[in-house]
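# An overview of the molecular structure
The residues making up each chain are set out below.
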Amino acid sequence: MGKLNGKVALVTGASKGIGAAIAKGLAAEGAAVVVNYRSDKAGAEKVVGEITKAGGKAKALAGDVAKAADVKKIFGELKTNHPHIDILVNNAGVYEFAPIEQFSEESFRRQFDTNVLGTLLATKEALPFFNGSGGSIINLSSVVSITPPANGSVYSATKSAVDTITRSLAQELGPRKIRVNSLAPGFTETEGLKAFAGENPAEGDFGKYAVSRTPLGRVGHPQDIAKAAVFLASDDAAWITGEVLPVGGGARL
């Protein structure tokens, strides 16, 4: 019997990378998973296919979490199959590293709208779907919220905001038996990282630096983060809320 049998989970931004791994990890433990995506329909359907092929339950739903109308649409469509949810994973996120001389309003709004506003919008719309037994909200943060690197001021600020939101909502939603925690991955090999740092990100200058600052001496993999997400979603973490859990091999970028 899986740890999450009978549970329903929504994972935002789950068409690839960490989100996809979390969706598959939750499904492997018995949860029915809604795989949200913004534009990568093929990727989301691939994740759904892998879950169902393994005997799990999943459905893909489109929507941009940075847009209030889209978030309402996601939950409106979700309601047709799932009158309630037990787990919300606010994973959708974007990032950009650049020196302050290249700072732009467009970049600021893109990162804050998805990473921060999206987390708040999805949480707001999800609340009516949690039943009286409570549930778990997991917000994806980053080790950069703890140790921000050079050229990452905006992205690091978004993740610091996510951690603050997590702590505040844990206080607010605790009486409803809803736990709220952050997962803070370190240098993790994903499709997005490869697009940013090359096909072998660990071999680039930043990758070598990141690994050198990681006591366990390697890059992370999406499955590493997924295992921690399953823990926070399950009753194994029933006494944990308002926490930021670094999952980065001890990374101190």
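This section reports on the structure supplied with the text. Just so it is clear, the structure is predicted and the values come from calculations on it, not from any experiment. (Residues numbered from 1 in each chain as written. Predicted model: local features only at pLDDT ≥ 70, side-chain atom pairs only at ≥ 80, totals over all residues. Heavy atoms only, no water.)

Here the focus is the nonpolar core. Looking at soluble globular proteins, one finds that nonpolar side chains tend to be buried together. Ile 22, Leu 26 and Leu 183 are the most contacted members of the largest nonpolar core, which totals 33 residues. Counting only elements with at least two residues in this core, the list comes to β1 (8–11), α1 (17–28), β2 (32–37), α2 (41–53), β4 (87–90), β5 (135–140) and α8 (222–233). Contact partners of Leu 26, with chain neighbours within four places excluded, come to Leu 4, Ala 9, Val 11, Ala 31, Val 33, Ile 87, Val 89, Ala 229, Val 230 and Ala 233. Ranked by size, the runner-up nonpolar core spans 28 residues in total, among them Ile 85, Leu 121, Ala 126 and Val 154. (Core = buried A, V, L, I, M, F, W, Y, C linked by side-chain atoms within 4.5 Å. Buried < 20%, exposed > 50% of the residue type's maximum accessible area, 1.4 Å probe, protein only. Helix = DSSP H or I, 4+ residues; strand = E, 2+ residues; numbered from the N terminus. Contact = heavy atoms within 4.5 Å.)

Looking now at a nonpolar patch on the surface. Judged by side-chain polarity, Ile 100, Phe 103 and Phe 108 come together as a nonpolar surface patch covering roughly 300 Å² of accessible area. Tracing the backbone shows Phe 103 in the loop between β4 and α4 (105–126). (Patch = residues over 30% accessible without salt bridge, like charges linked within 9 Å, V, L, I, M, F, W, Y side chains within 5 Å. Areas by Shrake-Rupley, 256 points an atom, 1.4 Å probe, with all protein chains shown as cover. Salt bridge = Lys/Arg side-chain N within 4 Å of Asp/Glu carboxyl O.)

It is worth spelling out α1 at this point. Helix length check: α1, at twelve residues, gives a terminal C-alpha distance of 17 Å against a target of 16 Å (1.5 Å per residue), a fit within 8%. The element α1 is largely enclosed, with a buried count of ten among its twelve residues. What α1 keeps buried is the set Gly 17, Ile 18, Gly 19, Ala 20, Ala 21, Ile 22, Ala 23, Gly 25, Leu 26 and Ala 27. Once α1 finishes, Gly 30 follows within two positions and takes phi at roughly 105°, a positive value. (Expected span 1.5 Å × (residues − 1).)

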